[in-house]
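# What the coordinates show
One letter stands for each residue in the lines below.
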Amino acid sequence: MEEYEVNLADYIRILWKEKWVVIITFIVAVGTALIISFAQPRQYQVQTALLILPPLFQEVGGQISGTVLSPETYKRLALANDLLERTLQQVYPEGSTLTVERLRESMKVEIEQTTTISKELAFPARFPLYMRVTFTGSDRKNLVRLAETWALTFVAQNTELFMTRTAQSLEYLEQSFREVERELHEKQEALKVFLQDNPETVIQAEVDALKAKYADYLTSLADVERQLAASGARLSALREALEREPQYFVVERGPSNEALWQFLGARPEAKTLEAYARLTISDQILNSTYVDLRGQVASAEVEFASLKAAADYYKEALDRISTELAQKQAKLTEVQIRRQQMEQEIAVLRDTYNRVAKSLQDAKIARAETAEPIKIVERPVLPTTPVGPSRKLNVAVAGVLGLFLGVLLAFVVHYFQEGSKAPHSQEPGQPPQEPRQE
């Protein structure tokens with residue numbers, strides 16, 4: 001015990017001897033702390049709070065469903081890179097030295113769990129969740145802007161995560177509804193243009209007119225063919241009769257009385273007279289029946305040729321009308337089939353349009369009935385009192401550290417001073433003296 005007191009006294013004497021080292025070290029530490037504290041900008045804190053209410057609902061059968069995440073997941077969502085990047089872009093549209101990493105370091109996210117839906121259910125069935133986010137920085141106005149922009153961006157970016165399946169499908173249904181509506185309108189316009197370019201009633205009227213004309217021509221052709229048959233038979237009969245009739249008749253007669261008296265007046269010889277007695281004269285006379293039949297044959301040939309030309313015309317016309325009628329009927333059939341196809345497509349699209357419209361209405365109702373899953377319950381306000389740097393605490397800590405460092409330096413200085421004196425006070429060859437004890 002006595003040795004301890006002696007050593008403590010020595011320490012005190014050493015400290016008193018080197019008191020200026022302790023005092024100067026203390027003053028330097030405190031001064032440095034003051035300079036640093038006054039040089040550092042004041043730090044402020046801005047808080048914003050969100051209330052997260054995932055929409056749990058009871059399905060048929062009593063099963064609770066909905067999107068439920070753990071508190072750690074919410075913290076990750078709050079500090080997500082894309083969220084912080086969007087926040088910085090909105091607050092600093094022209095660019096800033098503040099990076100996503102520095103912004104994340106200046107944020108503090110706290111999650112509080114409040115109530116439970118059922119005692120039998122552990123987390124993740126504990127809702128609502130209270131998220132408090134604290135921003136720390138030196139620029140008060142920008143802190144408020146950062147906190148407010150971050151809260152709005154977080155709500156906009158993560159609201160869809162907590163929607164029910166029906167509410168989540170709203171955007172998809174709206175897009176599908178617009179596409180179906182556009183396609184239905186295009187099909188209806190296409191049908192309208194198609195019917196204008198291909199009027200079915202006009203084509204049907206043309207088909208009916210061609211059918212009537214074809215029937216008339218067919219009847220006329222039948223009449224002409226009957227007349228042609230009769231004319232042909234008559235012409236054949238006339239030709240046969242004409243062939244049987246000679247064109248000329250030959251009439252034989254003896255010499256006339258006048259010629260006989262003239263012959264006798266010439267006193268012919270007996271031999272000449274005998275020959276004259278046997279003399280006959282033949283006369284050729286035109287057959288009137290033949291001439292009449294020839295006229296009738298010519299008239300019958302003209303009539304037959306006329307009827308034949310008429311029959312050929314009707315046949316050609318019937319062939320042309322038949323071809324045109326087939327084309328018109330084919331076109332009419334094609335138009336009818338195409339119209340039915342387009343009407344069927346329009347009917348299917350209209351049915352799809354009605355079903356998508358009903359689903360869209362259900363989704364809108366579900367979205368309207370679903371409570372907002374994320375609510376901003378505490379908006380950031382402009383801070384008036386800085387939270388740092390704490391000058392008193394810095395000075396106190398620096399003072400304590402300065403004292404410890406001064407004491408340590410005092411002993412170090414004393415050690416080196418005593419070490420430099422020891423060789424001069426001791427003669428060569430003598431052992432070192434033991435320290436004196438009192």
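As the structure is a prediction and not an experimental result, all values here were calculated from the model.

The subject of this paragraph is the overall build of the protein chain. Helix and strand counts for the protein chain come out as 13 helices and eight strands. Counting across all 438 residues of the protein chain, residues that qualify as buried make up 28%. Summarising the internal contacts of the protein chain: among those between residues at least 6 apart in sequence, 84% fall at separations of at least 24. Accessible surface computed for the protein chain: about 29,400 Å², of which carbon and sulfur atoms make up 56%.

Glancing now at the layout of surface pockets. Taken as a whole, the second largest pocket spans an internal volume of roughly 280 Å³. Contributing to the lining of the second largest pocket are 14 residues, with Leu98, Arg102, Thr136, Gly137 and Ser138 lying nearest its centre. Breaking the lining of the second largest pocket down by element, the ones donating at least two residues are α5 (100-105), β5 (129-137) and α6 (140-158).

A word on the packing of aromatic side chains. On inspection of all chains with the given rule, the structure shows six aromatic pairs. Where tyrosine 217 meets tyrosine 314, the ring centres are 5.6 Å apart and the plane angle is 75 degrees; that geometry is what we call edge-to-face. You can see tyrosine 217 sitting in helix α9 (residues 200-244) and its partner tyrosine 314 sitting in helix α12 (residues 288-369), a full 97 residues away along the chain. Of the two residues, tyrosine 217 and tyrosine 314, both sit in the buried class. Through a chain of ring-to-ring contacts, three or more aromatic side chains come together here, namely Phe135, Trp150 and Phe154. Across the ring face of tryptophan 16, the terminal group of lysine 19 is positioned such that the distance to the ring centre comes to 4.4 Å. The positively charged end of arginine 140 is found above the aromatic ring belonging to tyrosine 44, 5.5 Å away from the centroid.

One finds Leu103, Met131, Phe135, Trp150 and Phe154 to be the most contacted residues of the largest nonpolar core, which totals 32 residues. Put simply, the parts of the chain that give this core at least two residues each are β1 (44-52), α3 (71-78), α4 (81-91), α5, β4 (107-113), β5 and α6. The greatest single-element share of this core, amounting to eight residues, is contributed by α6. Setting aside anything within four residues of it in sequence, one finds tryptophan 150 in contact with Thr48, Leu50, Ala78, Leu83, Leu84, Thr87, Met107, Met131, Val133 and Phe135. One finds Leu184, Leu325, Leu332 and Met342 within the second-largest nonpolar core, a separate group that totals 22 residues.

A word on the environment of valine 207. By secondary structure assignment, the location of valine 207 is in helix α9. Judged by its relative accessible area of 2%, valine 207 falls in the buried class. Spatially, the C-alpha atom of valine 207 lies 10.0 Å from that of lysine 331, the residues being 124 residues apart in sequence. In this view, valine 207 contacts Leu325, Lys328, Gln329 and Leu332; residues no more than four positions away in its chain are not counted.

Right, let's talk about the sheet that holds β5 for a bit. Judged by pairing direction, the sheet is antiparallel, and its four strands sit side by side in the order β4-β5-β1-β8 without closing on themselves. The open sheet has two edge strands with one neighbour each: β4 and β8 (374-378). Averaged over neighbouring strand pairs, the angle between their axes works out to 25 degrees when direction is ignored. Taken together, the seven bridges between β4 and β5 define a ladder with antiparallel strand orientation. Bridge pairing in β5 places valine 109 opposite valine 133. Running at roughly 15 degrees to β1, α6 makes contact with β1, β4, β5 and β8 of the sheet.

Turning our attention to the side chain of glutamate 200. The residue glutamate 200 is located in helix α9 in this model. At 3.3 Å, the side chain of glutamate 200 forms a polar contact with the side chain of glutamine 336. Setting aside residues no more than four positions away along its own chain, glutamate 200 makes contact with Leu332, Val335, Gln336 and Arg339.

Here the focus is the packing of α4 against α6. Interaxial distance between α4 and α6 falls to 9 Å at its minimum, and their mutual angle equals 130 degrees. Looking at the two axes, α4 sits oblique to α6. In the crossing of α4 with α6, the sense of the turn from one axis to the other is right-handed. On α6, the residues touching Asp82, Leu83, Leu84, Arg86, Thr87, Leu88, Gln90 and Val91 of α4 are Arg145, Leu146, Thr149, Trp150, Thr153, Phe154 and Gln157.

This brings us to the pattern of salt bridges. According to the stated counting rule, one finds 14 salt bridges in the structure shown. The residue arginine 182 makes a salt bridge to glutamate 186 at a minimum N-O spacing of 3.2 Å. Here arginine 182 and its partner glutamate 186 are both found in helix α8 (residues 170-197), four residues apart, which amounts to about one turn of the helix.

Once that is clear, we can look at the confidence of the model for the protein chain. Scored by pLDDT, the protein chain has a mean of 79; 76% of the residues are at 70 or more. Per-residue pLDDT stays below 50 along residues 57-65; that stretch engages in eleven contacts with residues further than four places along the chain or on separate chains. Below pLDDT 50 for its whole length, residues 424-438 participates in four contacts with residues either more than four positions away or in separate chains.

Right, let's talk about α3 for a bit. When α3 is considered as a whole, its buried residues turn out to be Pro71, Tyr74, Leu77 and Ala78. Here the buried residues of α3 occupy an arc of 115 degrees about the axis, which is enough to place them on one side. Where the residues of α3 are buried, they touch β1, α4, β4, β5 and α6.

Turning to the environment of alanine 237, a few remarks are in order. The residue alanine 237 is located in helix α9 in this model. The exposure class assigned to alanine 237 is partly exposed, which follows from its relative accessible area of 41%. As for alanine 237 and valine 297, which are separated by 60 residues in sequence, their C-alpha atoms are 9.0 Å apart.

Cut-offs applied
Residues numbered from 1 in each chain as written. Predicted model: local features only at pLDDT ≥ 70, side-chain atom pairs only at ≥ 80, totals over all residues. Heavy atoms only, no water. Helix = DSSP H or I, 4+ residues; strand = E, 2+ residues; numbered from the N terminus. Buried < 20%, exposed > 50% of the residue type's maximum accessible area, 1.4 Å probe, protein only. Contact = heavy atoms within 4.5 Å. Areas by Shrake-Rupley, 256 points an atom, 1.4 Å probe, with all protein chains shown as cover. 1 Å grid on protein atoms, 1.4 Å probe; cavity = no way out; pocket = protein on both sides within 12 Å on 5 of 7 lines; lining within 4 Å. Points joined across faces, edges and corners; volume = space filled by probe spheres on them. Phe/Tyr/Trp six-rings, centres within 6.5 Å; stacked < 30°, edge-to-face > 60°. Lys NZ or Arg CZ within 6 Å of the ring centre and 35° of its normal. Core = buried A, V, L, I, M, F, W, Y, C linked by side-chain atoms within 4.5 Å. Pairing = 2+ DSSP bridges. Axes fitted to C-alpha atoms, helices over the stretch in contact; angles between N-to-C directions. Polar contact = N/O pair within 3.5 Å; in protein donor to acceptor, adjacent residues only side chain to side chain. Parallel < 35°, antiparallel > 145°, perpendicular 65-115°, else oblique. Left-handed = near helix turned anticlockwise from the far one by under 90°. Salt bridge = Lys/Arg side-chain N within 4 Å of Asp/Glu carboxyl O. pLDDT = per-residue confidence, 0-100. Arc of directions from axis to C-beta.

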